[in-house]
Amino acid sequence: MEWLSPENVVAVTTALLGVLVSCGVLWYERRVPRRRRIGYRVQMDTAIGSSVRAGRPNFRLGLFNEAPEMADATLVLLRVENDGSQSIAGDDYTGREIHGLSAEFTGRTVRAIAVTQPRGAEHLMDHFTAAAGMRHSGAVIHLPRVPLNQGQHFKLLVLLTGGPVGGDITVTGGIRDGDVLPNRAVPTDERLPLFSRAARLVTVLLTVCVVTLASIIVARDDDRPPMGCATGTVTLTGSTAFEPVLTELAEKYEKDCAGSSVEVDAHGSTAGIRALADAGAAAKGGSPAMIALSDGPKPGGHPALREHRVAVSVFTLVVNDAVPLRDLSLEDVRRLYRGEITDWRQIDGVTGLPVRLVSRDANSGTREVFQRRVLHRNEPASSSRDCVTKDDPEAPVVRCELDGTRQVLAAVAAHEGAIGYSELRAGDDLKGLHRLTIDGDAPSVDTIGTGDYPYREIEYAYTYGRPPADSLVSAFLAWMSRGGGQDVITAHGHLPCATPRGLRICGEDGP
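Within any chain, residue numbers begin from 1 and follow the written order of that chain's sequence. Owing to the predicted nature of the model, reporting of local features is limited to residues with pLDDT of at least 70; listing and counting of side-chain atom pairs is limited to 80 or more, with chain, interface and lining totals taken over all residues. For side-chain calculations, the full set of non-hydrogen atoms in the structure is used, while hydrogens and water are omitted.

1. Some remarks on the pairing of strand β15 (residues 356-360)
Argument step 1. The classification of residues rests on relative accessible area computed with a 1.4 Å probe and restricted to protein chains. Under 20% of the type maximum is buried, over 50% is exposed, and intermediate values are partly exposed. Comment: elements are numbered from the N terminus, with helices defined as DSSP H or I runs of at least four residues and strands as E runs of at least two. Within β15, five of the five residues are buried, leaving the element largely enclosed by the surrounding structure.
Argument step 2. Side chains R356, V358 and R360 project from β15 onto one buried face, and the interleaved L357 and S359 project onto a second face that is buried too.
Argument step 3. Paired strands, as defined in this entry, are two strands with at least two bridges between them according to DSSP. Direction of pairing for β15 relative to strand β16 (residues 398-402): parallel, over a ladder of five bridges. If you follow R356 over to β16, its bridge partner there is V398.

As structure tokens, this is what we get:
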């Protein structure tokens, strides 16, 4: 794997930036002492006189026009607030005087003061008394030691004379472990910023990283082979029921991975297991380039074969269309294969057709699953080579054995009264036969694990020992079981063991 690829570098940088920012915020919250802070801002400074010194002429009427010395009067609204992270108590003010803060209006004289408080903070007015230090002199207003909770404020509406609009206005005083500083006055037609400058900077940096990563992914060469590609040749053998899946897997892998050759040679599960064991023995300690697929676990006597669970397969009974039955009880299935039912009339009371059992040969994993999961015993001996006439006159029913799933399906479709079995999806495109449910339970991958349908099994892949990690056998096996091959397996009606539901079922159904 190319660890220093551009997308990896950007991805790691983005992740580190996110981690560092998170750690920095946590450190700041836990380690940096929180300070007390009183902020102030001028929310209004306007002329109410007619003097040119006020900045502009205006129209006055009533008290503003009648009161003396109002020609150069100005009106200021000053907001004082606790905009820190801690509450401020009366004894947090550190000045030697009785008052806590002083507001100075440079170049102007204070004529009148009105103090207002927000709704719900009426108790603050109890502190604005002469005894608490509330007074004014010349250009200065002395404010009491007013306790303020976090976010709490009060306002001063001050009438001034003797100076122009826009003169310096400052609030001074001492706060224990804190500051008294101006904050920004926000006009009513300006929106407050939603995020701080630091938050905006981090957001921009993360966005740049993500866009860069996306650009690299979009612009990169998508024709590169997928992860898990290896060169060489590997042979897939074993299950004929799984052969359609293996064929498509081989074609897709060869297309995506240049230099690889995947051959499919399916002759039945047991035959595939034996072929793998023989090839491994001939390799004299090595691991041959071969994978054997088996419907169910391997037979005993092959300790060198290593097991890999690939998928859950569902199998089905199929019957010729001349038999109108759509469901069989599990007991009737067993009676059919014990030879106790020789004519379909014995089940449905109508159809007068002889029973013909079309089965797989002894190398078939599909047959092994049928015997172990459904019959709980071996099938009876073969009595016919052509599935039509008995070679053994003593046999109760015609029973023939065929080499592959497709041959079984063709024989069942061709002979009236025939019944057989196959992998679930194998008979989708054949005419002349239909599937059977067992005790009302339909064969379906969607209901695996929720119903009592018995004819199902894990599809195993076997290798001879542990193949080299860089071999085509290892690469193909990983791709089939956990990579892109899962889509092919799912499309053919199997449930990959690597999926959440498949993991549970493959674990429960294992030997």
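2. Observations concerning the packing of aromatic side chains
Argument step 1. Pairing of aromatic side chains here covers Phe, Tyr and the six-membered ring of Trp, requires ring centres within 6.5 Å, and sorts the geometry by plane angle: under 30 degrees stacked, over 60 edge-to-face, intermediate tilted. According to the stated counting rule, one finds 10 aromatic pairs in the structure shown.
Argument step 2. Aromatic pair F476 and W479: ring centres 5.7 Å apart, planes at 45°, arrangement tilted. Taken together, the residues F476 and W479, both in helix α10 (residues 472-482) and three residues apart, mark about one turn of the helix. Across the pair, exposure class does not vary: F476 and W479 are buried alike.
Argument step 3. Aromatic rings pair up to connect F315, Y337, F370, Y421 and Y455 into one cluster.

3. Looking at the sheet that holds strand β5 (residues 135-137)
Argument step 1. Pairing is antiparallel in the open sheet, where four strands are placed in the order β5-β6-β3-β8. Each edge of the sheet is formed by a strand with only one pairing partner; in this case those strands are β5 and β8 (169-173). In this sheet, neighbouring strand axes are inclined to one another by 20° on average, regardless of whether the strands run parallel or antiparallel.
Argument step 2. With five bridges connecting them, strand β3 (residues 101-105) and β8 associate as antiparallel partners. Within β8, the residue paired with F105 across the bridge is I169. Under this scheme, a helix contributes an axis fitted over its contacting stretch, all axes are lines through C-alpha atoms, and angles between N-to-C directions fall in the 0 to 180 degree range.

4. Quick word on the pattern of salt bridges
Argument step 1. Salt bridge, as applied in this entry: a Lys or Arg side-chain nitrogen positioned within 4 Å of an Asp or Glu carboxyl oxygen. One pass over the structure, following the stated rule, counts 22 salt bridges.
Argument step 2. The residue R338 makes a salt bridge to E340 at a minimum N-O spacing of 2.8 Å.
Argument step 3. Where E457 meets R373, a salt bridge forms, and the shortest distance between an N and an O atom there is 3.2 Å. Here E457 is found in strand β19 (residues 456-464), whereas its partner R373 is found in helix α8 (residues 365-375), with 84 residues between them in sequence.

5. Digging into the state of the cysteines
Argument step 1. Any two cysteine sulfur atoms within 2.5 Å of one another count as a disulfide. The final tally for this structure, using the stated rule, is three disulfides.
Argument step 2. Sulfur-sulfur distance for the disulfide between C229 and C257 comes to 1.8 Å. Because the sign of the S-S torsion sets the handedness, a value of about -65° for the bond joining C229 and C257 places this disulfide among the left-handed ones. Taken together, the residues span a long stretch of sequence, with C229 in the loop between α3 (197-219) and β10 (232-238) and C257 in the loop between α4 (243-256) and β11 (260-266) at a distance of 28 residues.
Argument step 3. By relative accessible area, which is 29% here, C229 ends up partly exposed.
Argument step 4. Since its relative accessible area comes to 2%, C257 is described here as buried.
Argument step 5. Put simply, C387 and C400 are joined by a disulfide, and their sulfur atoms are 1.8 Å apart.

6. Details of the sheet that holds strand β2 (residues 74-82)
Argument step 1. What the five strands build is an open sheet, ordered β4-β7-β2-β1-β9; its pairing is mixed. Because the sheet does not close on itself, it has two edges, and the strands there are β4 (109-116) and β9 (178-182). Going from strand to strand, the sheet's axes swing by 20° on average, the running direction of each strand aside.
Argument step 2. Of the strand pairs in this sheet, β2 and strand β7 (residues 153-161) are connected by eight bridges, and their pairing is antiparallel. Following the sheet pairing, L75 is matched in β7 by L159.

7. Considering a nonpolar patch on the surface
Argument step 1. Like-charged residues within 9 Å of one another, or nonpolar side chains (Val, Leu, Ile, Met, Phe, Trp, Tyr) within 5 Å, are grouped into patches, provided each residue has over 30% relative accessible area and no salt bridge. Using a 1.4 Å probe, accessible areas were evaluated by the Shrake-Rupley method; residue-level cover was limited to the displayed protein chains. A grouping of V12, L16 and L20 is seen on the molecular surface, where their side chains present a nonpolar patch of about 310 Å² in accessible area.
Argument step 2. Following the sequence through the fold, L16 ends up in helix α1 (residues 6-31).

8. Section: the confidence of the model for the chain
Argument step 1. As a per-residue measure, pLDDT tells how confident the predictor is, with possible values from 0 to 100. For the chain, per-residue confidence averages 86 on the pLDDT scale, and residues scoring 70 or more make up 85% of the total.
Argument step 2. Two residues form a contact once any of their heavy atoms are found within 4.5 Å. Ignoring residues within four places in sequence, the model shows residues 187-191, a span with pLDDT below 50, making one contact including any to other chains.

9. A word on a negative patch on the surface
Argument step 1. A contiguous patch of negative charge on the surface is contributed by E248, E251, E254, E263 and D265.
Argument step 2. If you list the elements that add at least two residues to the negative patch, you get α4 and β11.
Argument step 3. Its location among the elements puts E248 in helix α4. His is not counted, nor are the chain ends; Lys and Arg add positive charge and Asp and Glu add negative charge. The atom standing in for a charge is NZ when the residue is Lys, CZ when it is Arg, CG when it is Asp and CD when it is Glu.

10. A short note on the nonpolar core
Argument step 1. Take the buried Ala, Val, Leu, Ile, Met, Phe, Trp, Tyr and Cys residues and link them wherever side-chain atoms come within 4.5 Å; each set so joined is a nonpolar core. Among the nonpolar cores identified, the biggest contains 45 residues, and Y337, W344, F370 and I419 are the most heavily contacted of them.
Argument step 2. Residues within four places of F370 in sequence aside, it is in contact with L317, V333, Y337, L375, E379, Y421 and Y455.
Argument step 3. Counting residues in hydrophobic clusters, the runner-up holds 27 residues, among them V80, V110, L143 and V158.

11. Looking at the packing of α4 against α10
Argument step 1. Between α4 and α10, whose axes approach to 12 Å, the crossing angle comes to 115°. On the basis of the axis angle, α4 is roughly perpendicular to α10. Taken as a pair, α4 and α10 cross one another with a handedness that is right-handed. Taking contact as the criterion, the partners of L249, K252 and Y253 in α4 are, on α10, L472, A475, F476, W479 and M480.
Argument step 2. In the scheme used here, Gly and all other residues not listed as nonpolar or charged are polar, with Ala, Val, Leu, Ile, Met, Phe, Trp, Tyr, Cys and Pro taken as nonpolar and Asp, Glu, Lys and Arg as charged. Considered class by class, the residues forming the contact of α4 with α10 number seven nonpolar, no polar and one charged. Roughly parallel means an angle under 35 degrees; roughly antiparallel, over 145; roughly perpendicular, 65 to 115; everything else is oblique. Handedness of a crossing follows from how the near helix is turned relative to the far one, being left-handed for an anticlockwise turn of less than a right angle and right-handed for a clockwise one.

12. A few points about the environment of L433
Argument step 1. Topologically, L433 is positioned in strand β18 (residues 433-438).
Argument step 2. For L433, a relative accessible area of 10% translates into the label buried.
Argument step 3. Distance in space between the C-alpha atoms of L433 and V412 is 6.8 Å, their sequence separation being 21 residues.
Argument step 4. Apart from residues lying up to four places away in sequence, L433 is in contact with V318, V319, N320, D321, L409, V412 and A413.

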